[in-house]
Amino acid sequence: MSPRESEPVVKCSDSSSASGSKGSRLSPQDRTRTTSKILTNAKDTGIHPLFQKKKSRDLSESEPSTSALTPTQSKKRGAGDPSRFMNSPTPSNTQSSKRQKISTNVSQAAPLAERLRPSLLADFVGQAHLTEVGSMLMNSINNGSLGSMIFWGPPGCGKTTLARLVAKQTGSIFKELSATIVGINEVRPIFEEAKNALRLTGRKTILFLDEVHRFSKSQQDVFLPFLEQGHIQLIGATTENPSFKLTAALLSRCRVFVLERLSDANIEEIIKRAVIRLSPPSLQTSEIVKSEPSPDDSFDFSSSPCPPTPVSSQIPQPSSPPSSTPIPNGVIPKSPNPTPLFPAYPHFTAAVLASITSLSSGDARAALSLLDMVLSAPKTTAEEKLIENLRRSVSASYDRSGDSRYDMISALHKSVRGSDVDAAMYWLARMLSAGEDPLYIARRMVVCASEDIGLADNHALPLAMAALQACQVIGMPECRINLAHIVAYLAEAPKSTRSYEAYNRAEAAAKSDLTLPVPLIARNAATSLMKDLGYAEGYKYNPDYVHPVHNGYLPLEIEGQQFMRRPGDTSGKLYDEVALKDWERERNGGKEWEGRSNL
């Protein structure tokens, strides 16, 4: 059959062209018949042929029924099927889920101490002098007169947590910055936001500035006008003495609250609450909780993903509570039968709890970090090995530029002055073990030799100078022996402050009038003119006489004043029978002081 005799193939379009060999074109008659056929089909179906679907095979024979497909087998649902919207998340739900996932990831990456911060002021542990009913801080919160304040205390005592809870209690806008990473450029916008918020909503803004002592004096002065006008309330946290690190102008606008180092009981309570919150809920309810909590003692930890904390009566107590005496290096004697405090953590025993409490030294953050190490350890870890690992992970907290250095050297000096050789040796060992410069201690002992021993033992000063020279020549660790020698000698030596007190009296007299002239008899007559003016006139050269002679050496205005007390002169000294009996009981073995008869 030739191409011309074959029936042409027509495309569904308005065009009349057909595919085929060259020259296979439709005649006008064929084109008319094709167009009529297309229009007839469109009239029957009501759909233009361009939009008609191609005929397919019978689905009942070649494909399974749609109703028989499961949701996982269906690749595409119909547009009108409402069930396709039931399990598919909406855009808003998807965004919310993503935000929640990001927030969860961030919170899980935070340290344990950050995740377990209390959300209510009633759950705050420690610092009872600030948080108890009737305290100055609580009265200020209740009266709405909080004002600006400085929280001064050691690390891990609750400064940041307390600031957050105070802001939450007052319903104020809370902004938190750290002076270690921000400057004044980051603080100024907060001032403007606080001013606008106060003007529009009436809500006050609390700015919590951690490590406020890191700001220079000029940076601290930027706060003054905003604190003066009440646009913002500042809560500064510092571990340094505010008297030395903060300006007087800033301190005059703030109240200073001192936070003490947490006690062992506070640390134990914090640790027990943390372990219970981290324990599985099934173990909390079935084995640990023995009684129903009372409404007054319940805690609200709704803001934390961890389970709620039972009241103190539900916290299991160790069978043998740890001793309140300090434990060297946190080493607890291994108990013969270690008893776990919590079923979820069988390796967490009473001895481990006592070790954490001792090693943390009143620092809640350090205690929770040690707890995190314990809970992360295998549950089959031996108690002795676990305690040893905890001890090795802790370093001594000692800052040569901080208050702890001056507190310890003050304790050493006072122990020597009080003739308590045991306490003096302890503070000497504490400072040297923490890495203190031995020359710093030796120089203080030279001062102590003249200030406290003085004329009672004239060998004290030469021996102290010898100890200083020994430290310079020998160095650590051997020079610790020389320091122990001089500390013991000075502590056991008799004490006299006659020379030291005499200078203090003379200094007070000299500062009262620095213009008093030197008497002519005491002046040096170096020239003939000076002799003619009366210099050294009437002066008696003492070595020329076989007996004592008198010369007037003091200005006439203060002549006759006595600065140096005579030996045995107790004028101006205190007598306290209670303090004397306390010394006889504590330091003299209950025996009476031999000097009672001389009083």
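Naming follows an unreviewed UniProt entry, where the protein appears as p-loop containing nucleoside triphosphate hydrolase protein of Lentinula edodes. According to UniProt, the comment filed for the protein under the heading Sequence similarities (unreviewed entry) is "Belongs to the AAA ATPase family. RarA/MGS1/WRNIP1 subfamily."

Caption draft 1: Highlighting the state of the cysteines. Using the criterion set out here, one finds 0 disulfides in the structure. In this structure C471 is a free cysteine whose sulfur lies 4.1 Å from that of C479, the closest cysteine sulfur available. Taking the relative accessible area as the measure of exposure, C479 reaches 0% and is therefore buried.

Caption draft 2: A look at a nonpolar patch on the surface. A contiguous nonpolar surface patch, about 340 Å² in accessible area, is contributed by Y539, Y541 and Y553. Take Y553: it is sitting in the loop between helix 24 (528-532) and helix 25 (577-586).

Caption draft 3: Fine view of the nonpolar core. I271, F348, V352, I356 and L371 are the most contacted members of the largest nonpolar core, which totals 32 residues. Going through the elements one at a time, helix 4 (112-115), helix 13 (264-278), strand 8 (340-342), strand 9 (345-349), helix 15 (350-360), helix 16 (364-376) and helix 17 (383-392) are the ones with two or more residues in this core. At 7 residues, the largest contribution of residues to this core is made by helix 16. Split by domain, this core shows at least three residues from each of two domains, domain 1 (112-260) and domain 2 (261-279 + 338-397). With residues near it in sequence (within four places) discarded, I356 still touches I271, F348, A367, L370, L371, V374 and L390. Residues V416, M431, L468 and V487 belong to the second largest nonpolar core, which totals 27 residues.

Caption draft 4: Quick peek at unusual backbone geometry. With omega at 5°, the peptide bond leading from M476 into P477 counts as cis. For P477, the position within the fold is in the loop between helix 21 (460-474) and helix 22 (479-492). A positive phi angle, near 55°, is found at E211, a position not held by glycine. Looking at the element boundaries, E211 is found in the loop between strand 5 (205-210) and helix 9 (217-221).

Caption draft 5: Molecular detail of the side chain of N551. Note that N551 resides in the loop between helix 24 and helix 25. Polar side-chain contacts of N551 include one of 2.9 Å to the backbone oxygen of K540. For N551, the contacting residues outside a window of four places in its chain are I521, G538, Y539, K540 and N542.

Caption draft 6: Focus on the packing of helix 13 against helix 15. The N-to-C vectors of helix 13 and helix 15 enclose an angle of 125°; their axes lie 10 Å apart at closest approach. With respect to helix 15, the axis of helix 13 lies oblique. As for how helix 13 packs across helix 15, the hand of that crossing is right-handed. Contacts between helix 13 and helix 15 involve D264, I267, E268, I271 and K272 on the former and, on the latter, L353, I356, T357 and S360.

Caption draft 7: Broad picture of the environment of R565. If you trace the backbone, R565 turns up in the loop between helix 24 and helix 25. Under the relative-accessibility criterion, R565 is labelled partly exposed at 21%. For the pair formed by R565 and A502, sequence separation is 63 residues and the distance between their alpha carbons is 7.2 Å. A distance of 3.4 Å separates the side chain of R565 from the backbone oxygen of Q562, its partner in a polar contact.

Criteria and thresholds
Residues numbered from 1 in each chain as written. Predicted model: local features only at pLDDT ≥ 70, side-chain atom pairs only at ≥ 80, totals over all residues. Heavy atoms only, no water. UniProt positions renumbered as here; feature names shortened; annotations may be inferred. Disulfide = S-S within 2.5 Å. Buried < 20%, exposed > 50% of the residue type's maximum accessible area, 1.4 Å probe, protein only. Patch = residues over 30% accessible without salt bridge, like charges linked within 9 Å, V, L, I, M, F, W, Y side chains within 5 Å. Areas by Shrake-Rupley, 256 points an atom, 1.4 Å probe, with all protein chains shown as cover. Salt bridge = Lys/Arg side-chain N within 4 Å of Asp/Glu carboxyl O. Helix = DSSP H or I, 4+ residues; strand = E, 2+ residues; numbered from the N terminus. Core = buried A, V, L, I, M, F, W, Y, C linked by side-chain atoms within 4.5 Å. Domains from an automatic or database assignment. Contact = heavy atoms within 4.5 Å. Polar contact = N/O pair within 3.5 Å; in protein donor to acceptor, adjacent residues only side chain to side chain. Axes fitted to C-alpha atoms, helices over the stretch in contact; angles between N-to-C directions. Parallel < 35°, antiparallel > 145°, perpendicular 65-115°, else oblique. Left-handed = near helix turned anticlockwise from the far one by under 90°.

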